[in-house]
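Read off the chains here:
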Amino acid sequence: METPKNHPDPVQPETYDKYPSYYGTDLELTYTPQGSVFRLWAPTADRARVNLYAAGEGGEPQERLEMERSDGGTWRVAVDRDLKGVFYTFQIETNGGWLAETPGIWARAVGVNGNRAAVIDLRDTDPEGWEADRAPEQKMYSDIILYELHHRDFSIAPDSGIKNKGRFLALTESGTRTPEGEASGLDHLKELGVTHIHILPSFDFATVDESRLADKSYNWGYDPKNYNVPEGSYATDPADPAARIREFKEMVMSLHRNGMRVVLDVVYNHTASVERSNFNLTVPGYFYRHNADGSYSDASGCGNETASEREMVRHYIVESVKYWATEYHIDGFRFDLMGIHDIETMNRVREELSKIDPTIFIYGEGWLAADSPLPPERRAVRDHVGQMEGIAVFCDDFRDAVRGSTFDEHVAGYASGNIEGHYEPVKFGIVGATEHPQVNYDGLLYSSLPYAAAPSQAVNFVASHDGYTVVDKLKLSVGGDRAADELLPIDKLIHTILLTAQGVPFIRAGEEMMQDKQGEPNSFRSPDAVNRIDWSLKHANRDLFDYIRGLIALRRAHPAFRIPTTDGVRQWLRFLDTGDSGVIAYTLGEYANGDAWKEILVVYNGNRSPAGFRMPDAEWRVVCRDGRIDPDGGERLSGGDVQIAPSSALIAYRE
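Now for a look at the structure at hand.

The subject of this paragraph is the overall build of the protein. Across its full length, the protein carries 14 helices and 28 strands. The C-alpha atoms of the protein give 26 Å as radius of gyration, which agrees with the globular expectation for 655 residues (26 Å, within 12%). For the C-alpha atoms alone, the extent of the protein along its principal axes is close to 85 × 55 × 45 Å. Buried positions account for 64% of the 655 residues belonging to the protein.

Structure, rendered in structure tokens:
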């Protein structure tokens, strides 16, 4: 059999543009007990066929079905009997040879390792009560608090107290406890108080061998294989096509019932392989961008990049997210390297998802890993987010200003005492990357303009799955004799800034208990010993957990921290003049965004020594000071000169 070369013959983009398009809803497979219809979009194929198998792997085809040319570049064949339980692949002939078999690009159920698609009745995969499943109420995007987790990391540790370790079902278990008696898993998330669970890629990915799970191979999942099927290694039985689907739905329903929405991390910008990708085995070359010599362009840094600007690639991305939103009740999508996609595609995604549910949240990485043939003005990058209403981007200015440079592990950030050059980027994050008269945009780290049209278009973060954890970064960047003793207060200050800033805060799983990765910044293939949540840290660092939990509760209770509009931020948020003291201070009032408190004062001291601050004269009640949260505001201050402890915050309000 022939397989595609390592790059297709050079094809002019206008040639791809001449391929016919197909917008019917019956691509791949339409199943009923009475019969099945297979339809494949393969406009350049000379012949096409369907191979039927008895099992998900091994054995020869029981039957080969020759397909006939049909509308819009598709091929079609019908079978007038019940094929439920059968596995199948597509195969095309081109240039005189048959390419390798593929489950197709639209497969919705697959066997082990995703090499063959499966004929199932999707309604058989619906858990009891699925039709009545509804996401918790969400009024504004600005109400969101994101929490990013990896299925295996979150539950695999021996001390997690969770039965279904490393599985979708781990997030359905309640009442789980650590040996120290702390809540773990689902109950931990409820105790913390986050609103949205961002799950790392959970579609079928390539690198983990689902038939050899005892090998304990590890990957984050940014190596897509079948975009519309859940990953089998997170299921109790990867060989059962229905199990992974049913268990994914059970996970979603469990999180919804427990007050949390679900965000799916999607990676439409590249595929795990090229020569044998489902895309290239169906329509060679079409789904990818190419250089002038015909080789694959590589803005993803993974060997290839998809061409979202092409009509059927755009159609594929849009229909795929719609499928996850409807079939799996997904409430949000995080786009990996969103800058590889074009603006029009992302706007189409927003438009179509809004028809299903306008509260679905969309955000992504507003950058590329390398240059792309896609013209810069068409890229869905951070500085163009003003052209993408209802879509947000990660604010890397905020991350590196608050905790220190991502590109030099030894450079500290504002919260670690590196004040110079970080005032404006921190303030930029505080106003949610919007236009504010008191922010100097010439002083930012990476951006040159207030790109967000609303604060909810800025996702503020200090750590994510890739890059150093906060505590690993601090261990590398905080020097001095007392460095070890200062890590906790600095960590608290970092999360105080994160959870009181406007915009949407994002927390990496484990940050609330000072989880490290043993200094590894890119642990996508590291073993469980590096990546897993060490649940004993929750008890050991309960002070930090309670502090972050208190900040989340404060944010959720007070809409002043969740202003939805740029005009509102300009109206209610006012920075105070603190000179070059290392202190950043601002007020939120009057009754900002309908808050019950008349005015709120927020003060950060980034110095690793005490700093003086002159409070406005008023009767203030203190809710945060010296690394402690007091929601009752027991301490009273009347304004005037106060001392702010090293690496700490002061939050107070007046009624």
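Around the barrel, which closes on itself, the 8 strands sit in the order β10-β11-β14-β15-β16-β17-β18-β19 with parallel pairing between neighbours. Each strand axis lies, on average, 30° off the axis of its neighbour in the sheet, ignoring direction. With 3 bridges connecting them, strand β10 (residues 146–149) and strand β19 (residues 504–508) associate as parallel partners. Each residue of the ladder has a partner; that of Glu148, found in β19, is Arg508. Along the sheet, helix α10 (residues 483–500) contacts β18 (458–461) and β19; its crossing angle with β19, the most-contacted strand, is approximately 145°.

So, on to the nonpolar core. Formed by 148 residues in total, the largest nonpolar core has its most connected members in Tyr147, Phe248, Phe333, Phe335 and Tyr604. Among the elements that line this core, the one with the most residues is helix α5 (residues 311–327), at 9 residues. Sequence-distant contacts of Phe248, that is, excluding residues within four places in its chain, are made with Phe168, Ile199, Ser202, Pro230, Leu264, Trp324, Tyr328 and Ile330.

Moving on to the packing of helix α9 (residues 470–477) against α10. With their axes 11 Å apart at the nearest point, α9 and α10 run at an angle of 125° to one another. Relative to α10, the element α9 lies oblique. The element α9 and its partner α10 pack so that their crossing is right-handed. Contacts between α9 and α10 pair Val470, Val471, Leu474 and Lys475 from the former with Leu487, Ile490, Asp491 and Ile494 from the latter.

So, on to the environment of Thr345. By the element assignment, Thr345 lies in helix α6 (residues 343–356). Residue classification places Thr345 among the buried positions, given a relative accessible area of 0%. Within the structure, the side chain of Thr345 is placed 3.1 Å from the backbone oxygen of Ser308, a separation counted as a polar contact. Within the local environment of Thr345, its side chain forms a polar contact with the side chain of Asp342, the two groups lying 2.5 Å apart.

Procedures and definitions
- Residues numbered from 1 in each chain as written.
- Predicted model: local features only at pLDDT ≥ 70, side-chain atom pairs only at ≥ 80, totals over all residues.
- Heavy atoms only, no water.
- Helix = DSSP H or I, 4+ residues; strand = E, 2+ residues; numbered from the N terminus.
- Rg over C-alpha atoms; globule rule 2.2 N^0.38 Å.
- Buried < 20%, exposed > 50% of the residue type's maximum accessible area, 1.4 Å probe, protein only.
- Pairing = 2+ DSSP bridges.
- Axes fitted to C-alpha atoms, helices over the stretch in contact; angles between N-to-C directions.
- Contact = heavy atoms within 4.5 Å.
- Core = buried A, V, L, I, M, F, W, Y, C linked by side-chain atoms within 4.5 Å.
- Parallel < 35°, antiparallel > 145°, perpendicular 65-115°, else oblique.
- Left-handed = near helix turned anticlockwise from the far one by under 90°.
- Polar contact = N/O pair within 3.5 Å; in protein donor to acceptor, adjacent residues only side chain to side chain.

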